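Report on the structure
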Amino acid sequence: MSNKKRVYPERFKIIKNNNGVLEVEIKDLIKGEEEYYAKQSINGKKQREKKKFTTPAIINFDVSQAGKHTFTIYINRPNNRNIGKFKVPVWEQDLFVPEKYIAGLNKSKINKLAKKYAPFVFLDNEERYLPTSIDYLLNRDSDTGNIIDKGINLSIKLEFPKKRRRDRSHPNKPRQLIGAKIDDIDVLYNDLGRVLSSNGDKDSKLHTITKVFGNGIRTKLENRKGRTEHLTVYYSAIQNVNKNQLIVNYHFLYTYDPKGEDYGDGMKIGSHVFDRESVSVVFDLGANRPISINNIKPKFIIYGAHLEKQTMGLIKSKSDTKSLQKWKKGRVKVYWDDAIKIKKRPVVFAALGSHAVYPHSGYYAVYYFKKIRVLKEPARCGKILIPNIASYGNNSMIELFGNKNENVYSYSLKDLEIDNITSNSWNGMLAFSGGLVDIIVGADAKFPPYTSRELDYDNWVNKEFIKMWDTAKVDKKFKDDQEDLIKKIENLLT
C-alpha cells in the first residue's frame, strides 16, 4: 500500500493572521480561470478597495477592525459580453476578529479567569460520549500526528454551493453559479484537518448524512465516543466593550450527537456527526483601570442549547405532558447568584442524546412550532467532569457515582485561540467557516467562531427576549437529590 499523501485543492489558505494582517494564498478555484478580484466586507459593510489578482496569488487583507470579515471572490472578465454570469461570487469566506484587549487585560489574565470559573459538568447516567479535543475530532494524535483509530477509512464529500443569495434586486432568491462552479472535494476522514483548513467557503458544508436507512457515514462513526486522554473543554473570551463586559464561552466539542437514537439503529434521523455546545459566563469588567482579576465579577450565565429559533422547556418527567417552565430562542439566562455552583464554579448539566447544556438537572423537551414536543431528553447527575485544576479524593468521589471509574472524569481546559487561526495552526480546522454539522431538518450548523455566540455576541447574551430561569419552577425530587449530591462533592474538594 502506498504511503503517498492524497493531494487536495487549497483554495483559500490562511498563511498569516496576526497584528491586524491576514495573508492568504488563493488558488485552485475554477478550472480554466486564472483572473479574479476580491472584495472585503467588515460587519456586513463592503470596503471600497477591489483586489485584482491572477492565481496562484498571495494577498494581504487589513483585519485590524473587530467583527466579522467576509472575503468575496469573483471571476474577472472585463471584456466578456456574458459578464452577468460572473457577478455572483465564486467564493466567500468568513473570519472572526475579536476586540483588542482593553488596558490591563491580556491573555494571561483571561486564562487565569477562565481557570478560576471552569465549570463542573454533570453528564446523564447513560451518556456514552465525552467532550473531546480537536485532534481527536480529526482522528490525529496531538503529539505524534499519527492516526488514532486506524479502522476509519471512509470518504466524505465537502460540498460547495451551486447558488448564492447575492442578488440585490432579489435578495432572497438564490442565483445560479453559471459557468463558475467550485468542484466538490472527496475527503478521506483522516485528511479532514488539512482540507477544511484551506477550503472554508462559508456556504459549503461537510456532507455526512448520506442515508436515513442502512450503513451510512453516521453508522460508521457513531462508535467514536471520545477518549479520557483527549477529554477537553475549550474556552474563548470576547470583550463587549460597549457594555463593559467580558464573555467567556466554555465550548464542548463532540465527535457525534446521537439525538436519542440507540446505538446501531438501522434508521437514523436526528443524529449527526460532530456537535458543539457552549455555556457563556458574562463578567462585569468593573470601573477600575488597569483591570485586575479581583475586579472582574461574574454577572450572569447564558445556557445555550439546540437551534437558536427553537422553543424548549423543563418537564417533570419523561412521560409528563406539562412544562414546569418554557423558553424560546434556544437559550436561558441565570443570574450568577442564582446559578448552581460547586466551590464557586458554575455547574453545567449536559443532556443525554444531544449534549445540550442546561442550568439544572431534570427532564427537558424541545418543541416545533412552539407546541409540538419532538424531543425529550434527561439531564441527570449520573456522571461528572471535573476541571483538572480542582483537587479531589478520587476514590471517595467515585463512590458517589456508583463506584464506577467511568462515571468520574478529569478534563483539560484549553484556550480555543479564536484570535489566531491559520490553515497551519493547531486549530486550523476552525478556519472552515462553512457548515460542519450536517442536519436533516434545518440549516447546517457551524463551529465556533462562526456561531451567534461569537458573531452576534451582544445580542446573544443581552437581548431582552432571553428568558430568565425560574429557580423555583423545578422538580422537587431532582432539586433535593441534586443538592444532596453537590454537598457531598464539595466536602471532598480541597
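Figured I'd write up the structure that's included with this text. Please read all numbers here as calculations on a predicted model, not as lab measurements. Numbering of residues begins from 1 in every chain and follows the order in which that chain's sequence is written. Two thresholds apply to this predicted model, a pLDDT of at least 70 for residue-level local features and 80 or more for giving and counting side-chain atom pairs, whereas whole-chain, interface and lining totals are computed over all residues. Water and hydrogen atoms play no part in the side-chain values, which are based on all heavy atoms of the structure.

**Topic: the packing of aromatic side chains**
Each aromatic pair joins two rings of Phe, Tyr and Trp (for Trp, the six-membered one) with centres within 6.5 Å, and gets the label stacked for planes under 30 degrees apart, edge-to-face for over 60, and tilted for any other angle. What the rule picks out here adds up to 17 aromatic pairs. Aromatic pair Trp91 and Phe160: ring centres 5.5 Å apart, planes at 35 degrees, arrangement tilted. Highlighted residues: Trp91 in strand 7 (residues 91–97) and Phe160 in the loop between strand 9 (155–159) and strand 10 (163–164), separated in sequence by 69 residues. Pair check on accessibility: Trp91 and Phe160 agree, each one buried. Each helix is a run of DSSP H or I of at least 4 residues and each strand a run of E of at least 2, with the numbering of both proceeding from the N terminus. Throughout, exposure labels follow a simple rule: accessible area from a 1.4 Å probe, protein chains only, divided by the maximum for the residue type, with under 20% read as buried, over 50% as exposed, and the rest as partly exposed.

**Some details on a positive patch on the surface**
For patches, a residue must show more than 30% relative accessible area and have no salt bridge; joins then use 9 Å for like charges and 5 Å for nonpolar side chains, namely Val, Leu, Ile, Met, Phe, Trp and Tyr. Where accessible areas are quoted, they stem from the Shrake-Rupley method and a 1.4 Å probe; at the residue level, only the protein chains shown are allowed to cover. For salt bridges, the criterion is a side-chain nitrogen of Lys or Arg within 4 Å of an Asp or Glu carboxyl oxygen. Charge counting treats Lys and Arg as positive and Asp and Glu as negative, with His and both chain ends excluded. All charge positions are set by atom: Lys at NZ, Arg at CZ, Asp at CG, Glu at CD. A surface patch of positive charge is lined by Lys309, Lys326, Lys328, Lys329 and Lys371. Relative to the helices and strands, Lys328 is located in the loop between strand 19 (323–327) and strand 20 (331–335). On the basis of relative accessibility, which here comes to 46%, the residue Lys328 falls in the partly exposed class.

**Points about helix 1 (residues 107–116)**
All of the buried residues in helix 1 are Ile110, Leu113 and Ala114. Across the axial projection of helix 1, the buried residues extend over an arc of 100 degrees, all falling on one side. Taken together, the buried residues of helix 1 touch strand 14 (232–240), strand 15 (245–257), strand 16 (272–284) and strand 27 (408–415). A 3.5 Å cut-off defines polar contacts: any pair of N or O atoms within that distance qualifies, except that in protein one atom must be a possible hydrogen donor and the other a possible acceptor, and neighbouring residues in sequence count only when both atoms are side-chain atoms. Among the residues of helix 1, the N-terminal cap falls to Asn106, whose side-chain oxygen and the backbone nitrogen of Ser108 are separated by 3.1 Å. The arc in question is the one traced by the directions running from the helix axis out to the C-beta atoms. Note on contacts: a residue pair is in contact if any heavy atoms of the two residues lie within 4.5 Å.

**Considering the sheet that holds strand 18 (residues 311–315)**
Strands were regarded as paired on the criterion that DSSP finds at least two bridges between them. Spatial strand order, 19-18-24-25: four strands in an open sheet with antiparallel pairing. Single-partner strands in this sheet number two, and they are strand 19 and strand 25 (372–379). On average, adjacent strands in this sheet sit at an angle of 25 degrees to one another, irrespective of strand direction. Where strand 24 (residues 362–368) lies against strand 25, seven bridges are found, and the strand directions are antiparallel. When the bridges of strand 25 are listed, Val366 appears paired with Leu375. The convention used is that axes are lines fitted to C-alpha atoms, helices contributing only their stretch in contact, and that angles between N-to-C directions extend from 0 to 180 degrees.

**Some remarks on the pairing of strand 26 (residues 383–387)**
In terms of residue burial, strand 26 counts as a mostly covered element, since five of its five residues are buried. The side-chain alternation of strand 26 yields two buried faces, one formed by Lys383, Leu385 and Pro387 and the other by Ile384 and Ile386. Of the strand pairs in this sheet, strand 8 (residues 120–123) and strand 26 are connected by three bridges, and their pairing is antiparallel. Pairing of Phe122 across the sheet is with Ile384, part of strand 26. With four bridges joining them, strand 26 and strand 27 adopt parallel strand pairing. Looking at the pairing, Pro387 lines up with Tyr411 of strand 27.

**Thoughts on the environment of Val282**
Among the secondary structure elements, Val282 is positioned in strand 16. Residue class for Val282 comes out buried when judged on its relative accessible area of 0%. Sequence separation between Val282 and Phe300 is 18 residues; the distance between their C-alpha atoms is 5.5 Å. Apart from the residues within four sequence positions on either side, Val282 is in contact with Gln245, Leu246, Ile247, Lys297, Pro298, Lys299, Phe300 and Val461.

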